[in-house]
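Spelled out from the first residue to the last, the chains are:
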Amino acid sequence: MLVMVWRLSLEVMTILCRCENIETSEGVPLDVTGVAQVKVMTDKELLSLACEQFLGKSVIEIKGVVLQTLEGHLRSILGTLTVEQIYQDRDQFASLVREVAAPDVGRMGIEILSFTIKDVYDKVDYLSSLGKTQTAAVQRDADIGVAEAERDAGIREAECKKEMMDVKFLADTKMADSKRELEMQKASFNQEVNAKKAEAQLAYELQAAKEQQKIRLEEIEIEVVQRKKQITIEEKEIVRTDKELIATVKRPAEAEAYKMQQLAEGQKVKKVLTAQAEAEKIRRIGEAEAASIEAVGKAEAEKMRMKAEAYQQYGEAAKTALVLEALPKIAGKVSAPLARTNEIVILSGEGSRVTGEVNRLLAELPVSVNALTGVDLTKIPLLQKMTNAQA
């Protein structure tokens, strides 16, 4: 019995779909190339469908059947879309082709794993013009976007700088606060350390002072003991020296001192008596001189009294006598400068001029006497007579 066996490949098959000069809804002819990945379904029911359709056919034949189906749906879909929709949103276009074609190929037991648009181009430069417009719009939008981006970047940069400055200020403030707190803690720690050091130093010095005091007390006790022994020795030495001095010095010195004391007392008594005698002598001489001065004063007073009485009794005559007694003295005083003059020459053209000069001197004499003695010679009768006689 002869059995026929056919094989059906379950591997993935790649199908290249190409549609040329397919007009879109706007009437623009396009050439579209798509790539589909398909395979035979493994589900029992669908696998049986695939076996019914393709069992005994090669992979190329299977690809040709699926290709015709995909290209037909691709043409029909291109006629419903615009060039912009096809070109700008290829994924949506491919997805639409896959959705429309999937039920038809599915009924043949074939599964569309993927369908993508590989290339879209035209022969009338529509896409290039669309690209230029799009490029210009994109460039415009890009420029606007760049300007807005630069503006936003500037604003953001300023905000960032402000935030940075704020953060820096806060950081500097926190750093300064931390530094201040650190310095304060250091100062506090240093203060505590210095206080502890001072306490330790003071305790050390106090302990050292106490130890030094103990040593000094012991030294003082030793010195006291030594001093006591020295005092005892010195006391014994003093006693011995006293006895020796008493024997060799004190007794003879006492005798000599007594002798000197007696001599000094004698000299003292002698000086006292001599001084008393001298004082008595001076007192008596002074009394004698005082008595003599008193007697002379009384005699002078009596003489002046008697003269005053005599002047009173004689009146103008006594005054005249006094003036006459005083005139030689006045003449002597006046002529004293003339005594050193060798010769006096009076020049006068007339002989009677000399007599006139003499008379003038005599006339001025009473005024001079009155200025010197207070006695007015013009009131003395004798001189009045002499003056009248000359006149």
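Residues numbered from 1 in each chain as written. Predicted model: local features only at pLDDT ≥ 70, side-chain atom pairs only at ≥ 80, totals over all residues. Heavy atoms only, no water.

### Thoughts on the pairing of strand β2 (residues 29-40)
Heads up, the condition is: Only protein chains enter the accessibility calculation, which uses a 1.4 Å probe. A residue is then buried if its area is under 20% of the maximum for its type, exposed if over 50%, and partly exposed in between. Helix numbers and strand numbers start at the N terminus; a helix is a DSSP run of H or I with at least 4 residues, a strand a run of E with at least 2. Think of it this way: DSSP has to see at least two bridges between two strands before they count as a pair.
By the criterion of burial, β2 is predominantly enclosed, with 10 of the 12 residues buried. Summarising the sheet, strand β1 (residues 13-23) and β2 pair through nine bridges and their orientation is antiparallel. Looking at β2, one finds that Ile15 is bridged to Ala36. Hairpin connection of β1 to β2: five residues between the antiparallel strands, including Gly27 at a positive phi of 85°. When β2 meets strand β3 (residues 110-121), the two strands line up antiparallel, connected through 10 bridges.

### Focus on the sheet that holds β2
Paired through backbone hydrogen bonds, the strands of a sheet run either parallel or antiparallel to each other. Going by this rule: In this description, a line fitted to the C-alpha atoms serves as the axis of each element, helices being fitted only across the stretch in contact, and the angle between N-to-C directions of two axes falls anywhere from 0 to 180 degrees. In what follows, a contact means two residues having at least one pair of non-hydrogen atoms within 4.5 Å.
With respect to topology, three strands assemble into an open sheet ordered β1-β2-β3, the strand pairing being antiparallel. Edge positions in the open sheet fall to β1 and β3, since each of these has one partner strand only. Across this sheet, the average inter-strand angle for adjacent strands is 20°, counted without regard to direction. Contacting β1, β2 and β3, helix α2 (residues 59-78) crosses the sheet at an angle of about 35° to β1.

### Quick notes on the nonpolar core
One broad trend across soluble globular proteins is that nonpolar side chains are buried collectively. Worth spelling out the cut-off: Definition used in this section: a nonpolar core is a set of buried Ala, Val, Leu, Ile, Met, Phe, Trp, Tyr and Cys residues joined via side-chain atoms within 4.5 Å.
One finds Val32, Val66, Leu74, Phe93, Ile110 and Phe115 to be the most contacted residues of the largest nonpolar core, which totals 35 residues. At the level of elements, β1, β2, α1 (44-54), α2, α3 (83-88), α4 (90-106) and β3 are the ones that each hand at least two residues to this core. No other element matches α2, which puts seven residues into this core. Setting aside its immediate chain neighbours within four residues, Val66 contacts Ile15, Val38, Val105 and Ile110.

### Comments concerning the side chain of Glu71
Let me state the cut-off plainly: Charge assignment: positive for Lys and Arg, negative for Asp and Glu; neither His nor the chain ends contribute. Whenever a carboxyl oxygen of Asp or Glu lies within 4 Å of a side-chain nitrogen of Lys or Arg, that contact is scored as a salt bridge.
Structurally, Glu71 can be placed in helix α2. Arg75 provides the closest opposite charge to the buried, salt-bridge-free Glu71, at an N-O distance of 4.1 Å. For Glu71, the contacting residues outside a window of four places in its chain are Cys17, Arg18 and Cys19.

### Here we look at the pattern of salt bridges
Tallied over the entire structure, the rule returns 16 salt bridges. Across the pair Arg151 and Asp152 runs a salt bridge whose closest N-O atoms are separated by 3.2 Å. Between Lys162 and Asp166 there is a salt bridge whose closest N-O contact spans 3.1 Å. Here the residue Lys162 and the residue Asp166 both occupy positions in helix α5 (residues 126-314), the gap between them amounting to four residues, near one helical turn. A relative accessible area of 52% means that Lys162 is categorised as exposed. Given a relative accessible area of 35%, Asp166 falls into the partly exposed group. One salt-bridge network, in which partners are shared between bridges, spans Glu280, Arg283, Arg284 and Glu287.

### Focus on α2
Let me state the cut-off plainly: What a helix is expected to span follows from its residue count: subtract one and scale by 1.5 Å.
Counted at 1.5 Å a residue, the expected span for α2 with its 20 residues is 28 Å, and the 28 Å between its end C-alpha atoms agrees. Along α2, the residues classified as buried are Ile62, Val66, Leu67, Thr69, Leu70, Glu71, His73, Leu74, Ile77 and Leu78. As for α2, its buried residues are in contact with β1, β2, α1, α3, α4 and β3.

### Let's talk about the side chain of Asp31
Defined as follows: As used in this structure description, the phrase polar contact means that two N or O atoms lie within 3.5 Å; if the pair is within protein, one of them must be able to donate a hydrogen and the other to accept it, and residues adjacent in sequence are counted only when both atoms belong to side chains.
Within the element layout of this structure, Asp31 appears in strand β2. A distance of 2.7 Å separates a polar side-chain atom of Asp31 from the backbone nitrogen of Asn21. Setting aside residues no more than four positions away along its own chain, Asp31 makes contact with Cys19, Glu20, Asn21, Asp119, Val120, Tyr121 and Lys123.

### With respect to a nonpolar patch on the surface
How we decide: Residues qualify for a patch when their relative accessible area is over 30% and they have no salt bridge, like charges being joined within 9 Å and the nonpolar side chains of Val, Leu, Ile, Met, Phe, Trp and Tyr within 5 Å. Accessibility throughout is a Shrake-Rupley quantity obtained with a 1.4 Å probe, and a residue counts as covered only by protein chains that appear here.
There is a patch of nonpolar side chains on the surface, built from Leu217, Ile220 and Val224 and spanning about 220 Å² of accessible area. Looking at where Leu217 falls in the secondary structure, it is placed in helix α5.

### Observations regarding the packing of α2 against α4
Heads up, the rule is: For classification purposes, an angle smaller than 35 degrees is called roughly parallel, one larger than 145 roughly antiparallel, one from 65 to 115 roughly perpendicular, and anything else oblique. Less than a right angle of anticlockwise turn of the near helix away from the far helix marks a crossing as left-handed, whereas a clockwise turn marks it as right-handed. Here the nonpolar group is Ala, Val, Leu, Ile, Met, Phe, Trp, Tyr, Cys and Pro; Asp, Glu, Lys and Arg are the charged ones; every other residue, Gly included, is treated as polar.
At a closest axis distance of 9 Å, the pairing of α2 and α4 adopts a crossing angle of 135°. Here α2 lies oblique to α4, going by the angle between them. α4 is crossed by α2, and the crossing has right-handed handedness. Packed against α2, whose contacting residues are Val66, Thr69, Leu70, His73, Leu74, Ile77 and Leu78, the element α4 presents Phe93, Leu96, Val97, Val100, Ala101, Asp104 and Val105 at the interface. For the contact of α2 with α4, the class distribution of residues is 11 nonpolar, two polar and one charged.

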